[in-house]
Amino acid sequence: MSTNTQDIEALVRNRPYSAGFITEIDAETLPPGLNEDVIRALSARKNEPQWMLDFRLKAYRRWLTMREPTWAHVHYPKIDYQGISYYSAPKSMKDRPKSLDEVDPKLLETYTKLGIPLKEQEMLAGVAVDVVFDSVSVGTTFKKKLAEAGVIFCSISEAVQEHPELVRKYLGTVVPFGDNFYAALNSAVFTDGSFVYIPRGVRCPMELSTYFRINERNTGQFERTLIVAEEGSHVSYLEGCTAPQRDENQLHAAVVELVALDDAQIKYSTVQNWYPGDEQGRGGIYNFVTKRGDCRGARSKISWTQVETGSAVTWKYPSCILRGDDSVGEFYSVALTHHHQQADTGTKMIHVGRNTRSTIVSKGISAGRGQQSYRGLVRVLESAENARNYTQCDSLLIGDQCGAHTFPYTEIRNPTAILEHEATTSKISDDQLFYARSRGIGEEDAVSMIVNGFCKQVFKELPMEFAVEAQKLLQISLEGAVG
Amino acid sequence: MLNRDAYESAFARFSETLPAATIAPRRAALQRFLDTGLPGKGLEAWKYTDLSPLGAEAVAAPSVRGRPETPLPQFPGMHTRCWVNGRAPDVDAQAGPVETPSGEHAHDGLANLNAAFALPGIDLLLDDGASLDAPLHALFVTEPQGDGEMVHLRHRIVLGEGASATVVVHELGRGDAPRWSTHLLDIELARGARLRLVRLQDESAGTRGWFEARAAVHGDASLDMTQVDLGGGIVRNDWRPRLLGPGADVVLRGLMAPVGRTHVDSQFLTEHAAAHGRSRQWFRGLAWDRAQGIFNGKVVVRPGAQKTDSEQRIANLLLSPRARINAKPELEIYADDVKCAHGATFGRLDPAALFYLRSRGVDEATARALLIHGFAEAVLQHLEPAELRKAVVARLLERIGNEIDPEVLA
Amino acid sequence: MLEINNLHARVGETDILKGLDLTVNAGEVHAVMGPNGSGKSTLSKILAGSEDYTVTEGRVRLLGQDLLDMSPEQRAAAGVFLGFQYPVEIPGVSNMVFLKSALNAQRKTRGEPELEAGDFLAWVRHRVKQMKMDPAMLSRGVNEGFSGGEKKRNEILQMLVLEPRLMVLDETDSGLDIDALKIVAEGINALRSPERATLLVTHYQRLLDYVQPDKVHVLSGGRIIKSGGPELAHELEEKGYGWLSEQRAA
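Quick summary incoming for the structure in this document.

The rules behind each value
- Residues numbered from 1 in each chain as written.
- Chains lettered and ligands numbered in written order.
- Predicted model: local features only at pLDDT ≥ 70, side-chain atom pairs only at ≥ 80, totals over all residues.
- Heavy atoms only, no water.
- Helix = DSSP H or I, 4+ residues; strand = E, 2+ residues; numbered from the N terminus.
- Buried < 20%, exposed > 50% of the residue type's maximum accessible area, 1.4 Å probe, protein only.
- Rg over C-alpha atoms; globule rule 2.2 N^0.38 Å.
- Contact = heavy atoms within 4.5 Å.
- Buried area = accessible area lost by both parts, 1.4 Å probe.
- Salt bridge = Lys/Arg side-chain N within 4 Å of Asp/Glu carboxyl O.
- Polar contact = N/O pair within 3.5 Å; in protein donor to acceptor, adjacent residues only side chain to side chain.
- Nonpolar A, V, L, I, M, F, W, Y, C, P; charged D, E, K, R; others polar.
- Pairing = 2+ DSSP bridges.
- Axes fitted to C-alpha atoms, helices over the stretch in contact; angles between N-to-C directions.
- Parallel < 35°, antiparallel > 145°, perpendicular 65-115°, else oblique.
- Left-handed = near helix turned anticlockwise from the far one by under 90°.
- Core = buried A, V, L, I, M, F, W, Y, C linked by side-chain atoms within 4.5 Å.
- 1 Å grid on protein atoms, 1.4 Å probe; cavity = no way out; pocket = protein on both sides within 12 Å on 5 of 7 lines; lining within 4 Å.
- Points joined across faces, edges and corners; volume = space filled by probe spheres on them.

**Observations regarding the overall build of chain A**
Then comes step 1: Each helix and strand in chain A was counted, giving twelve helices and 24 strands.
Then comes step 2: For chain A, the proportion of its 483 residues judged to be buried stands at 67%.

**A few points about the overall build of chain C**
Then comes step 1: Helices and strands together make up the secondary structure of chain C, namely eight helices and twelve strands.
Then comes step 2: A compact globule built from 250 residues should have a C-alpha radius of gyration of about 18 Å, and chain C, at 18 Å, falls within 12% of that.
Then comes step 3: With respect to the principal axes defined by its C-alpha atoms, chain C has extents near 60 × 40 × 35 Å.
Then comes step 4: Once local pairs closer than 6 in sequence are excluded, the contacts in chain C between residues at least 24 apart make up 68%.

**What about the interface of chain B and chain A?**
Note on interface size: it is often stated as the accessible area lost on association of the parts.
Then comes step 1: Contacts between the two partners involve 35 residues from chain B, matched on the other side by 35 residues from chain A.
Then comes step 2: For the chain B and chain A pair, buried surface summed over both sides reaches about 2900 Å², with 49% attributable to carbon and sulfur atoms.
Then comes step 3: If you sort the residues of chain B by the area they bury against chain A, Asp336, Phe346 and Arg348 of chain B come out on top, with a joint share of 21%.
Then comes step 4: Our enumeration of links across chain B and chain A arrives at three salt bridges.
Then comes step 5: As a salt-bridge pair, Arg313 of chain B and Glu422 of chain A come within 3.0 Å of each other at their nearest N and O atoms.
Then comes step 6: Along the contact surface separating chain B from chain A lie 14 residue pairs in polar contact (both at pLDDT 80 or more).
Then comes step 7: Looking at the side of chain B that touches chain A, the elements that each hand over two or more residues are strand 15 (309-318), strand 16 (324-333) and strand 17 (339-347) of chain B.
Then comes step 8: Tallying contributions element by element places strand 16 of chain B first for the side of chain B that touches chain A, with ten residues.
Then comes step 9: The residue makeup of the side of chain B that touches chain A, split by class, is 16 nonpolar, seven polar and twelve charged.
Then comes step 10: Examined bridge by bridge, strand 24 (residues 418-427) of chain A and strand 17 of chain B share seven bridges and lie antiparallel to one another. Bridge pairing in strand 17 of chain B links Glu420 of chain A to Thr345 of chain B.

**Looking at the sheet that holds strand 9 (residues 166-170) of chain C**
All names here are of chain C.
Then comes step 1: Strand order in the open sheet formed by six strands is 6-9-10-3-11-12, with mixed pairing between adjacent strands. The two strands at the open ends of the sheet, each matched to only one other strand, are strand 6 (80-83) and strand 12 (223-228). In this sheet, adjacent strand axes meet at a mean angle of 20° when their direction is disregarded.
Then comes step 2: Note that strand 6 and strand 9 share four bridges and pair parallel. Residue pairing for strand 9: Gly83 is matched across the bridge by Leu169.
Then comes step 3: Sheet strands touched by helix 1 (residues 40-48): strand 3 (29-33), strand 6, strand 9, strand 10 (197-202) and strand 11 (215-220). Its angle to strand 6, the strand with the most contacts, is close to 145°.

**Overview of unusual backbone geometry**
Then comes step 1: Following Glu384 of chain B, the chain continues into Pro385 of chain B via a peptide bond in cis, with omega recorded as -5°.
Then comes step 2: Here Asp220 of chain B, not a glycine, exhibits a phi torsion of approximately 60°, which is positive.
Then comes step 3: Among the secondary structure elements, Asp220 of chain B is positioned in the loop between strand 8 (207-217) and strand 9 (222-229).
Then comes step 4: Notably, Asn143 of chain C is not glycine yet its phi reads approximately 60°, a positive angle.

**Let's talk about the pattern of salt bridges**
Then comes step 1: By the definition in use, this model includes 59 salt bridges over all chains.
Then comes step 2: With a shortest N-O distance of 2.5 Å, Glu57 of chain B and Arg208 of chain B are connected by a salt bridge. Remark: Arg208 of chain B occurs in strand 8 and Glu57 of chain B occurs in the loop between helix 2 (23-36) and strand 1 (79-84); sequence separation between them is 151 residues.
Then comes step 3: For Arg208 of chain B, a relative accessible area of 13% corresponds to the buried category.
Then comes step 4: One continuous salt-bridge network, built from bridges that share partners, spans Lys427 and Asp430 of chain A together with Lys307 and Asp337 of chain B.

**Comments concerning the interface of chain A and chain C**
Then comes step 1: Listed per partner, the contact involves 20 residues of chain A and 35 residues of chain C.
Then comes step 2: Summed over both partners, the interface of chain A with chain C buries about 2200 Å², with 62% contributed by carbon and sulfur atoms.
Then comes step 3: Broken down residue by residue, the surface that chain A buries against chain C is led by Phe434, Tyr435 and Arg439 of chain A, which jointly contribute 37%.
Then comes step 4: Applying the counting criterion to the chain A and chain C interface returns three salt bridges.
Then comes step 5: Counting across the chain A and chain C interface gives eleven residue pairs in polar contact (both at pLDDT 80 or more).
Then comes step 6: At the level of secondary structure, the elements contributing two or more residues to the side of chain A that touches chain C comprise helix 10 (430-438) and helix 11 (443-459) of chain A.
Then comes step 7: A per-element tally of the side of chain A that touches chain C places helix 10 of chain A first, with seven residues.
Then comes step 8: Residue classes in the side of chain A that touches chain C are distributed as eight nonpolar, six polar and six charged.

**Some details on helix 10 of chain A**
Residue and element names in this part refer to chain A.
Then comes step 1: In terms of residue burial, helix 10 counts as a mostly covered element, since seven of its nine residues are buried.
Then comes step 2: All of the buried residues along helix 10 are Gln432, Leu433, Phe434, Tyr435, Ala436, Arg437 and Ser438.
Then comes step 3: A side-chain oxygen of the first residue of helix 10 lies 3.2 Å from the backbone nitrogen of Asp431; this N-cap is Ser429.
Then comes step 4: Remark: Gly440 follows helix 10 within two positions and exhibits a positive phi of approximately 105°.

**Digging into the packing of helix 2 of chain B against helix 3 (residues 109-117) of chain B**
All names here are of chain B.
Then comes step 1: Where helix 2 meets helix 3, the axes come as close as 8 Å, and the angle between the chain directions of the two elements is 150°. Between helix 2 and helix 3, the crossing angle belongs to the class labelled roughly antiparallel. Judged by the twist between their axes, the crossing of helix 2 over helix 3 is left-handed. Contacts between helix 2 and helix 3 involve Arg26, Ala29, Leu30, Arg32, Phe33 and Thr36 from the former and Gly109, Asn112, Leu113, Ala115, Ala116 and Phe117 from the latter.
Then comes step 2: Among the residues making up the contact of helix 2 with helix 3, the classes are represented as seven nonpolar, three polar and two charged.

**Description of the nonpolar core**
Then comes step 1: Of all hydrophobic cores here, the largest spans 116 residues; its most connected members are Ile365, Ile398 and Val451 of chain A together with Ile4, Phe98, Ile188 and Leu200 of chain C.
Then comes step 2: Sorting elements by how many residues they give to this core places helix 11 of chain A first, with nine residues.
Then comes step 3: Cys295 of chain A together with Leu38, Leu51 and Trp210 of chain B belong to the second largest nonpolar core, which has 115 residues in total.

**Focus: empty space enclosed by the protein**
Then comes step 1: The tally for this structure, following the rule as stated, stands at seven cavities of 30 Å³ or more.
Then comes step 2: The space that makes up the largest cavity amounts to roughly 90 Å³.
Then comes step 3: Around the largest cavity, the lining is made up of 15 residues, and of these Val378, Thr391, Pro408, Thr410 and His421 of chain A lie nearest the centre.
Then comes step 4: Mapped by element, the contributors of at least two residues to the lining of the largest cavity are strand 21 (371-380), strand 22 (388-398), strand 23 (403-412) and strand 24 of chain A together with strand 17 of chain B.
Then comes step 5: Of the residues belonging to the lining of the largest cavity, the class tally is nine nonpolar, five polar and one charged.
Then comes step 6: The calculated volume of the second largest cavity comes to roughly 70 Å³.
Then comes step 7: If you trace the second largest cavity, you find 14 residues lining it, with Ser362, Gly364, Gln372, Ser373 and Tyr374 of chain A closest to the centre.
Then comes step 8: Taken together, the elements giving at least two residues each to the lining of the second largest cavity come down to strand 17 (328-337), strand 20 (357-367), strand 21 and strand 22 of chain A.
Then comes step 9: For the lining of the second largest cavity, the per-class residue count stands at four nonpolar, eight polar and two charged.

**Focus on the sheet that holds strand 2 (residues 14-24) of chain C**
Residues and elements named next belong to chain C.
Then comes step 1: If you walk across this open sheet you meet the four strands as 2-1-4-5, and the pairing is antiparallel. On the outer flanks of this sheet lie strand 2 and strand 5 (65-66), each paired with one strand and no other.
Then comes step 2: Alignment of strand 1 (residues 2-11) against strand 2, held across eight bridges, turns out to be antiparallel. Paired with Leu2 across the strands is Val24, a residue of strand 2.
Then comes step 3: Contacts between helix 1 and the sheet are confined to strand 1, strand 2 and strand 4 (54-62), with strand 1 contributing the most and set at about 110° to the helix.

**Re the pairing of strand 22 of chain A**
Residues and elements named next belong to chain A.
Then comes step 1: A large share of strand 22 lies buried, amounting to nine of its eleven residues.
Then comes step 2: Note: strand 20 against strand 22, eleven bridges, orientation parallel. Looking across to strand 22, one finds that Lys363 is bridged to Asp394.
Then comes step 3: Sheet topology note: the strand 22/strand 24 ladder contains ten bridges and is parallel. Bridge assignment links Leu396 to a residue of strand 24, and that residue is Ser426.

**Here's the deal with the side chain of Glu308 of chain A**
All names here are of chain A.
Then comes step 1: Structurally, the position occupied by Glu308 is in strand 14 (residues 301-308).
Then comes step 2: For Glu308, a relative accessible area of 2% translates into the label buried.
Then comes step 3: A distance of 2.5 Å separates the side chain of Glu308 from the side chain of Gln272, its partner in a polar contact.
Then comes step 4: Here the side chain of Glu308 touches Lys316 through a polar contact of 2.2 Å, side chain to side chain.
Then comes step 5: Once residues lying within four places of it in the same chain are set aside, the contact partners of Glu308 are Thr270, Gln272, Asn287, Thr314, Lys316, Val334, Ala335 and Leu336.

Laid out in structure tokens, this is it:
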């Protein structure tokens, strides 16, 4: 509520999903369907080296032997993987623009509408942005300034061309190509995404961020992000996602890999606002994402913060493998499901090294007919002397048609581990509502205020600009949940 | 691979003791078991307990009744009935007709195995307003004569409106031979009925045991259950109470204390199907040596079960470097006006408390035993009468190889 | 200013107010006293619009407007302020955000412009100082982790910021030590003006030593059974409530 109320109301009045517009742009899209030829064509189009194609084909062959996971608490019609187009790029991208000045103005306009004015951003804000439109990256800002610090921030396609030794060294080492059904699919067909490399001892001079947007009909988005933080380096990375309003469901199956070496720190924040479908549950994005961070080095730290308000179905467990001694993993999450949205999300903290610590704070809000599950795993291996974990997961229910579920798995194999887990489920308190209303605050505002308070622990982990955006999103997503 | 021949021939032998008319449904259950096999990998509910490899082992029909060789435990004020190798001395050894699994359990491998071979166990029916004059101590002693012997029992406790009873289900296994034991217990509590149930599982190290209790708890009825797992080899317990009317109250308590290579997997699934229900799950786990303890507590609140009040508390201690504990306190909630909370902790004996005791002159072994007992007491204090509690504590200390006098703890 | 006529209210099946009449004129301070369970808190909550009670009969008017048809937030905008007996905690929502939202929502409803951030801040800081509170409290959650006394002080702070027309203070003096009581009383007195009215709902005389009432009413059995000047409060302090009911019974 630190934002001006008028602002929010203007947004609400506009339309519930303000990123739902479609950009009319000529696109070059591969016909729907998936086989080895499609993968070869995709790889050829991107001018990839043989090792990259081999990686894709290996993943594809593994994927063919795998089955879609069914253990999550979500229900959706079977996905026709042959009905999806695995590559779509704006035509004007064919001859890659050398700089943002050469980017199709229509594309730039799209991002301005989304509140990410690439040009102004470059001029004003201290945030470097990589923008991914359907299957390709359309541009990265602040490249030069970052290069001066030795930081590499570019699209992953570019990294395959320009920094093959780094990509080859790390790609698939955190999320192996056969890790799970969606990760295997992504490994076979990923089209673009971001690559970040922070050299030894460097504190990245600015926030890095990527905006993902799905525009074309019938396309899936399979982005791949790889962040490597060398010894003693620090980086904060933000990710935002939107998609147009369409009646059919669209698949988004991303893979994100983070590697933190000794004393390195990676902070990864997400505001996920994919199109959630309409009030009847038609359309919306299937967000099936594998995100994993590897605290490979001693005293390294990886922190995930996510605000999930979009998508029809979410299946996502940003995780940390705490391999290095004294390494630290964190997961802060706010997930909101309204109307017919379903989310099965949480984290995995795998304690391998000594004195490893992890913190999990999950806040789930369910309204309308939304179904929300927290699914978490804390595993302490034999080698993890003195591991510590604290988990808190709270659910808030708005209305009697929604559901909130908690599935916290704990596996302990070392007697020196100390773990605490606390969870509560409740509805918004009538007393709190009455108190706020008796001070003159309208019911809907009071609800949104209380919900924001409920989420505070997570919001405070977000970089400033994102925290404001997250609060707005929450308020818009809760529109109509009361009364 | 399931050793189909062994199960077929065991059934052929067993069916010789059955009245001809009751064989067909049991045979059908056996067939369904052979089709599904033993539960394990691929089933989320059996994630940590994979029984399927055991299907390859030989099995045999239960041997005919024997006489227990050693003195049997008895508790003052209780009425003890004893089953030996699955057969009650005072009941005709012939097993009668059996209800075969249906509905959600139709393809439940173990339930079908149980149905094929089930022998009559506890059958307690109380009329409206009736009560048992003394707690029933149902003792199941097993002394197998050969490898792979199976004892499968079917129990029923039905209490009429306002009826009340206390039942102690006590399984005592002797000998080291590998063997199977399954118990399927159906409980129905009419309005206002009260059942106190204690289950002591003290099976032999060779026992692969499955115990499932399903309970229908109607309005204002109360189920108060305390389970202590002391023994067994591979043990799985499923408690599935359903709260079906307003004012229903279900308390499930559990203590597991596996040692050696014992594997204990307890699952509490409490389902609130009506408004104004109250449920509690209190569970404590201790694991030694290379033992593995699993606890999965789940509370489901169905649509319309408003004003549900539920709480789960789980605490675990790992006492050896190779011991393992897996636990999962789950909530599945489809109603908004509810108060549901759960908490879980994992840790070891508090070094500060140990030091404190030792600084007062208590030797380390005793200090450890005192702290362990203190931890277990949260569950054990609900065992009555005191003689029963003392017997359980003594057995617990014996299992963990501690020589301290249980009287010290009394 | 406030006119209550023949007010009947119940919670569930229990009648609590049974024909209450009360008029408070602009500029006046009235104290409503009475034994526990007499319906004092019910009266306060009904004025603020709590949905826990059902009004079965009667009328409540503020400045000529019918209050009973209005939602709690409409009443607040119309000028009603209830200082709660047990102020609720709202974790994660800072006092600053809460006050700003409340003030601007009320202003908006009344068709007044919202305050600029800077003006608002200065205004709140001024009131915090007046209540001798630590400005750091503004960034803490609403009543989160506050002691009983801090909560009551926070109620008065909110009142000073919102500047209502009708101040209803429900047992505001309970849980306060003597210093805090004085500060709270100063806060209340600061808002005394010819345009405002105050209703002090209290069990004890204590607060009335610092906030002089114009009239004192005794509420018992869901009705005002006696009204008088400030001296009535002293009499009650000396004799308790027993003598009144005996008098009535006689």
